Amino acid sequence: MLKEKIGLFDSNYEDDDHYNQIDQEIMRDDYVIGKEGVNYVAIPNSRSDYPRYQDTDMTVVLQACIDILVNGGKIFIKAGLYDNMGQVLITHNGIIIEGQSKYTTILKLAAGDDAGHAGMYGLIDNNNYDNFELRNIALDGNGLNQTKIDNGASVTAICMGVYCQFTANNII
């Protein structure tokens, strides 16, 4: 049962019926990401040969999952605030990233992240890869804690939630 597999994550689910329901949904996902103590953990689907990822940086874990899904695939992110995020690059066609809920799965850009960028970029950046989907996730640009906030007076380091260029058939 998947309950044991994802039970290591902080969870709001206390009854077995709810676990059985999400078992069926999550079994189709290539990865499930959650938090265990100070670490972010990506657990692969038990039917795959994908490796498990763990790091204190959510950006590293999410990027590793995306990079290994060379034929596309789905990453499920459990509810929670995933802060101090850096830029995540979509590196293959057919990547789907889905949160548990658009109100409770939040990816928040790290303070001062804009200092390393020139021009426009995205917290999630997709250049040249088709059929990308982002579902049920809130993106927080952490605007009050960026270094180049100038009320739109320039285009220097403008962070968009999702930046797509030279790509088609995306759902956000």
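Refer to the preceding data block for the structure.
Undergrad: Any details on the side chain of Glu98? Residues and values, ideally.
TA: Assignment of secondary structure puts Glu98 in strand β7 (residues 95-99). Here the side chain of Glu98 touches Asn136 through a polar contact of 3.3 Å, side chain to side chain. Ignoring sequence-local partners within four residues, the contact set of Glu98 consists of Lys74, Ile75, Phe76, Ile77, Arg135, Asn136 and Ile137.

Undergrad: Outline the pattern of salt bridges, supporting the account with residue identities and numerical values.
TA: With the rule as written, the count across this model stands at 4 salt bridges. Two residues, Lys74 and Glu98, come together in a salt bridge whose shortest N-O distance is 2.8 Å. Linking Lys74 in strand β4 (residues 73-77) with Glu98 in strand β7, this pair joins segments that are 24 residues apart in sequence. Considered together, Lys74 and Glu98 belong to a single accessibility category, that of buried residues. Residues Arg135 and Glu98 are paired through a salt bridge, measuring 3.3 Å at the closest nitrogen-oxygen approach.

Undergrad: Summarise the pairing of strand β8 (residues 105-109); cite the residues concerned and give the values.
TA: Only one face of β8 is buried: it carries Thr105, Leu107 and Leu109, and the other face, with Ile106 and Lys108, is open. As paired strands, strand β5 (residues 80-85) and β8 are joined by 4 bridges and run parallel to one another. Looking at the pairing, Tyr82 lines up with Leu107 of β8. Bridging between β8 and strand β11 (residues 138-140) involves 3 bridges; their strand directions are parallel. Bridge pairing in β11 places Leu107 opposite Leu139.

Definitions and limits used
- Residues numbered from 1 in each chain as written.
- Predicted model: local features only at pLDDT ≥ 70, side-chain atom pairs only at ≥ 80, totals over all residues.
- Heavy atoms only, no water.
- Helix = DSSP H or I, 4+ residues; strand = E, 2+ residues; numbered from the N terminus.
- Polar contact = N/O pair within 3.5 Å; in protein donor to acceptor, adjacent residues only side chain to side chain.
- Contact = heavy atoms within 4.5 Å.
- Salt bridge = Lys/Arg side-chain N within 4 Å of Asp/Glu carboxyl O.
- Buried < 20%, exposed > 50% of the residue type's maximum accessible area, 1.4 Å probe, protein only.
- Pairing = 2+ DSSP bridges.

Remember that the coordinates give geometry; whether it matters functionally is a separate question.
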